[in-house]
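Spelled out from the first residue to the last, the chains are:
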Amino acid sequence: MEQREQWATKLGLILAMAGNAIGLGNFWRFPYQLASNGGGAFMIPYFVALFFLGIPVMWIEWTIGRYGGKYGHGTLGPMFYLMSRDALKPKGALWMGVIGGLLGFSVASLLSSYYYQIIGWSAAYTWYSLTGAYFGHDTYKFFVSYISNTGAVLFFWGLTMVILGIAVAQGVSKGIERWVKVMMPTLYIFAIILVIRALTLGSPVKPEWSAIGGLQYIWKPDFQTLSHNFFKISLAAAGQIFFTLSLGMGIIHNYASYLGPEDDVALSGLATVSLNEFAEVILGGSLAIPIAFAYLGPEKAIKSGVGLAYMSLPNVFMHMPAGRIFGAFWFLLLWFAGFTSAIATYNYLVAMLEEDIHIKRKIGTWIVFVWLFILGLPIALDKTLLVLTDMDMWVGSYFLVVLGFFDVIVGLWLFGINRFWDELHKGAYISVPRWFKPIMIYIAPLYMLILLGGNTWDYIKGGVITLTPGYLKYLVQKQALVSTTVGYAKHAVTISRAMIIVVIIIGAIEAYTAIKKKYGEEINSNEVIIKV
């Protein structure tokens, strides 16, 4: 089989995986998910999901990815096929491969369509900090004026995509690894500095508004709110664990496919989780919400939605010495965080073209550029962010858990539990406790099924799937950045759903064609022929 490019150094691998996981999910998405889901009510299922889903699925995805890499594959369709074919025979395994392939392609494409927009916001705010554009202004209104400025949105989003394309075109070791070695340590240093500043703000606007009040909102358990919205908050928490760790996206599989067959995945997977959670819970949780409580007040902070980090943090820089410089560095580093994660989704799609159509990386990079530009354009042109909000609800939570569920089914149940355990420990620096086995085998998939089933019912009952007026009013209320109407909300959500359906169909066709092309002989004979 094809020899795949490998990481230049083990440090580069760890930093790349950490950079993949540590991104805007930590400093943008985590705070707004916290605010939107009851603060302390959200943290309870968050830590439950981390232990029962995050860590087990991380190990599963590293193992699947390294196994697929032995056969020269870096995408989910062939990986799922290879791990299913002994249990299901090749003809049955083909359909598991199609499911994995369409989910991997859909998540990488649709997530990029709106995630890259947020990275563009960070690029814009780097410039606005240097020029002092938002200084002396209401930062809430300033953000609304920015997302309403189509020219500015397109420029900063497009600039981000071009630089991403340049980095991905350079390859894994010469491009991706070099970028993250610089970005990741710098990000940690400046995040720690800003946390110290945030926690020493006191009450700069009103005595009853304080950063400490924001911390209390996060860390005070709220069982009442959780009990009233159990499935919604629990799925949001599980979705955040998947989103922040880059699980259920195909990205971990893709990066792990560049490992050697005896390279460690057990300790590396655990290290990735640990680095990410420190960045998210300790650093990310101590920034946006405490600052928002101090400057915007609790009510507006909780209702800020997806723009939270871009409406609250600028207030710090307006009221500190050398605020323009610190603001520019912070948003530049926030851009770095998003960039290191965005490289991974971009690389997944390029790897698909390399493997399936044998297009050279540099050419494939710009084909993907055009594809992602087309997908991102409706979101960039939407001044209400309703398309982005609906897309994030489905792709950023629901789809990730669906793919995580199939990870468990394929990686453990179909591949074989004992074979998986042996594969996980090949070259491992640690021994995973055996009591984690039942968590992986039974608890994790059951947990995901309950979440998916409960939320599917909630979506039907609440009109999310059928686009009833009740759901549209909820969406308008949730997205409080600009005034809009239920009629426009329906239009925006229709765009979002149409994009999702089209991408799923393309992903299914691509996965089916790719697997048949590579393994057609053994699928036709229904006997395993190719073995490494």
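Residues numbered from 1 in each chain as written. Predicted model: local features only at pLDDT ≥ 70, side-chain atom pairs only at ≥ 80, totals over all residues. Heavy atoms only, no water.

### Examining the overall build of the protein chain
Counting secondary structure elements, the protein chain contains 22 helices and zero strands. When the 532 residues of the protein chain are sorted by exposure, 64% land in the buried category. Residue pairs in contact within the protein chain that sit at least 24 positions apart in sequence constitute 83% of those at least 6 positions apart. Split by element, the accessible area of the protein chain, about 18600 Å² in all, is 69% carbon and sulfur. (Helix = DSSP H or I, 4+ residues; strand = E, 2+ residues; numbered from the N terminus. Buried < 20%, exposed > 50% of the residue type's maximum accessible area, 1.4 Å probe, protein only. Contact = heavy atoms within 4.5 Å. Areas by Shrake-Rupley, 256 points an atom, 1.4 Å probe, with all protein chains shown as cover.)

### A closer look at the packing of helix α4 (residues 76-131) against helix α18 (residues 386-414)
Packed helices, taken two at a time, are described by the angle their axes make and the gap between the axes. Their axes nearest at 10 Å, the elements α4 and α18 cross at an angle of 155°. Considering their axes alone, α4 and α18 lie roughly antiparallel with respect to each other. The crossing of α4 and α18 is left-handed. Considered class by class, the residues forming the contact of α4 with α18 number 24 nonpolar, five polar and two charged. (Axes fitted to C-alpha atoms, helices over the stretch in contact; angles between N-to-C directions. Parallel < 35°, antiparallel > 145°, perpendicular 65-115°, else oblique. Left-handed = near helix turned anticlockwise from the far one by under 90°. Nonpolar A, V, L, I, M, F, W, Y, C, P; charged D, E, K, R; others polar.)

### Quick notes on a nonpolar patch on the surface
Together, Trp127, Leu130, Ile325, Phe329 and Leu332 line one region of the surface with nonpolar side chains, adding up to about 470 Å² of accessible area. Elements with a minimum of two residues in the nonpolar patch: α4 and α16 (323-356). Tracing the backbone through its elements, the reader meets Phe329 in helix α16. A relative accessible area of 38% places Phe329 in the partly exposed class. (Patch = residues over 30% accessible without salt bridge, like charges linked within 9 Å, V, L, I, M, F, W, Y side chains within 5 Å. Salt bridge = Lys/Arg side-chain N within 4 Å of Asp/Glu carboxyl O.)

### Brief notes about the nonpolar core
By size, the foremost hydrophobic cluster in this structure holds 185 residues, and its most contacted members are Tyr116, Trp121, Tyr146, Tyr310 and Trp330. In this structure, Trp330 is in contact with Phe27, Ala191, Leu194, Leu287, Leu313 and Phe317, ignoring residues within four places of it in sequence. (Core = buried A, V, L, I, M, F, W, Y, C linked by side-chain atoms within 4.5 Å.)

### Focus: the environment of Leu372
In this fold, Leu372 is placed in helix α17 (residues 361-380). Since its relative accessible area comes to 1%, Leu372 is described here as buried. Along the chain, Leu372 and Leu111 lie 261 residues apart, while their C-alpha atoms are 9.9 Å from each other.

### What to know about the environment of Gly132
As for its placement among the helices and strands, Gly132 is situated in the loop between α4 and α5 (139-147). The sequence separation of Gly132 and Pro314 amounts to 182 residues, and the corresponding C-alpha distance is 10.0 Å.

### A few points about the side chain of Arg85
Inspection of the secondary structure assignment puts Arg85 in helix α4. Since its relative accessible area comes to 1%, Arg85 is described here as buried. One polar contact links Arg85 to Tyr71, side chain to side chain, over a distance of 3.4 Å. Among residues more than four places away in sequence, those in contact with Arg85 are Tyr71, Pro90, Ala93, Tyr519, Glu522, Val528, Ile530 and Lys531. (Polar contact = N/O pair within 3.5 Å; in protein donor to acceptor, adjacent residues only side chain to side chain.)

### Observations regarding empty space enclosed by the protein
Tallied over the full model, the rule gives four cavities of 30 Å³ or more. Computed from the structure, the second largest cavity encloses a volume of approximately 70 Å³. Considering the residues around the second largest cavity, the lining is formed by Gln117, Trp121, Ile147, Val153, Ile379, Ala380, Asp382, Leu385 and Leu388. Of all the elements in the fold, those that place two or more residues in the lining of the second largest cavity are α4 and α17. Broken down by class, the residue content of the lining of the second largest cavity amounts to seven nonpolar, one polar and one charged. (1 Å grid on protein atoms, 1.4 Å probe; cavity = no way out; pocket = protein on both sides within 12 Å on 5 of 7 lines; lining within 4 Å. Points joined across faces, edges and corners; volume = space filled by probe spheres on them.)

### Quick notes on helix α12 (residues 266-283)
With 18 residues, α12 ought to run about 26 Å at 1.5 Å a step, and its terminal C-alpha atoms sit 25 Å apart, in line with that. Three or more residues of α12 are buried, namely Ala266, Ser268, Gly269, Thr272, Val273, Asn276, Glu277, Ala279, Glu280, Val281 and Leu283. (Expected span 1.5 Å × (residues − 1).)

### Thoughts on unusual backbone geometry
Look at Lys89: it is not a glycine, yet its phi comes out positive at around 70°. Relative to the elements of secondary structure, Lys89 occurs in helix α4. Residue Asn526 is not a glycine yet carries a positive backbone phi of 60°. With respect to the element layout, Asn526 can be found in the segment after α22 (486-525).

### A look at helix α19 (residues 417-424)
Among the residues making up α19, those that are buried are Phe420, Trp421, Glu423 and Leu424. Seen from one end, α19 has its buried residues packed into an arc of 165°, which puts them on one side. Along α19, exposed side chains directed more than 90 degrees from the buried face belong to Asn418 and Asp422. (Arc of directions from axis to C-beta.)

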